[in-house]
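Read off the chains here:
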Amino acid sequence: MHDLTGFQRDLLYVIAGADQPSGQTVKDEVEKYYSSEINHGRLYPNLDTLVNKELVEKGELDRRTNYYAITETGHERIQERREWEEQYVDF
């Protein structure tokens, strides 16, 4: 996770919290959090980075729509990140 941008981490968390969301679904969720529009030129290259790092897998729902799903490695990285954060922040 240390080699991801904050935006990439946010995308990973959204994907982890959903059941095979489409790119548009991920975009909509992140836009709610950021309170601003995320353009496709920013979204999809960052999703591809997560796929290339094997944190997310990409599949096809239909000819026009892809889905994204967290991998086991992605789950492990999120868990490691949460454990690291807990050293510094305790709620």
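Residues numbered from 1 in each chain as written. Predicted model: local features only at pLDDT ≥ 70, side-chain atom pairs only at ≥ 80, totals over all residues. Heavy atoms only, no water.

## Here we look at the nonpolar core
Here comes step 1: With 17 residues, the main nonpolar core has Leu-11, Leu-12, Ile-15, Val-26, Leu-47, Leu-50 and Val-56 as its most contacted residues.
Here comes step 2: Looking at this core, the elements with two or more residues in it are α1 (6–16), α2 (23–34), α3 (40–52) and β2 (66–70).
Here comes step 3: Considering every element that reaches this core, the biggest residue donor is α1, with four residues.
Here comes step 4: What Val-26 contacts, discounting residues up to four positions off in sequence, is Leu-11, Val-14, Ile-15, Pro-21, Leu-43 and Leu-47. (Core = buried A, V, L, I, M, F, W, Y, C linked by side-chain atoms within 4.5 Å. Buried < 20%, exposed > 50% of the residue type's maximum accessible area, 1.4 Å probe, protein only. Helix = DSSP H or I, 4+ residues; strand = E, 2+ residues; numbered from the N terminus. Contact = heavy atoms within 4.5 Å.)

## Some points on the pattern of salt bridges
Pairs can form between side chains of opposite charge once their charged atoms are near each other.
Here comes step 1: All chains considered together, the criterion is met by seven salt bridges.
Here comes step 2: The salt bridge partner of Glu-76 is Arg-77, with a shortest N-O separation of 4.0 Å.
Here comes step 3: Note on Arg-77: relative accessible area 28%, which makes it partly exposed.
Here comes step 4: Connected through shared salt-bridge partners, Glu-76, Arg-77 and Glu-80 make up one network. (Salt bridge = Lys/Arg side-chain N within 4 Å of Asp/Glu carboxyl O.)

## Describing the UniProt feature "domain: Transcription regulator PadR N-terminal" (unreviewed entry) in the protein
Here comes step 1: UniProt's feature table lists "domain: Transcription regulator PadR N-terminal" (unreviewed entry) at residues 12–80, given in the numbering used throughout.
Here comes step 2: Secondary structure across residues 12–80 divides into 57% helix and 14% strand, with the first and last C-alpha atoms of the span separated by 14 Å. (UniProt positions renumbered as here; feature names shortened; annotations may be inferred.)

## So, the packing of α1 against α3
Here comes step 1: Relative orientation of the contacting elements α1 and α3 amounts to 75°, with a least axis distance of 10 Å. Relative to α3, α1 is oriented roughly perpendicular. Along its contact with α1, which presents Phe-7, Gln-8, Leu-11, Leu-12 and Ile-15, the element α3 presents Arg-42, Leu-43, Asn-46, Leu-47, Thr-49 and Leu-50.
Here comes step 2: Its residues assigned to classes, the contact of α1 with α3 shows seven nonpolar, three polar and one charged. (Axes fitted to C-alpha atoms, helices over the stretch in contact; angles between N-to-C directions. Parallel < 35°, antiparallel > 145°, perpendicular 65-115°, else oblique. Nonpolar A, V, L, I, M, F, W, Y, C, P; charged D, E, K, R; others polar.)

## Side note on the environment of Tyr-68
Here comes step 1: Position of Tyr-68 relative to the elements: it lies in strand β2.
Here comes step 2: On the basis of relative accessibility, which here comes to 1%, the residue Tyr-68 falls in the buried class.
Here comes step 3: C-alpha separation for the pair Tyr-68 and Leu-50, spaced 18 residues apart in sequence, amounts to 9.8 Å.

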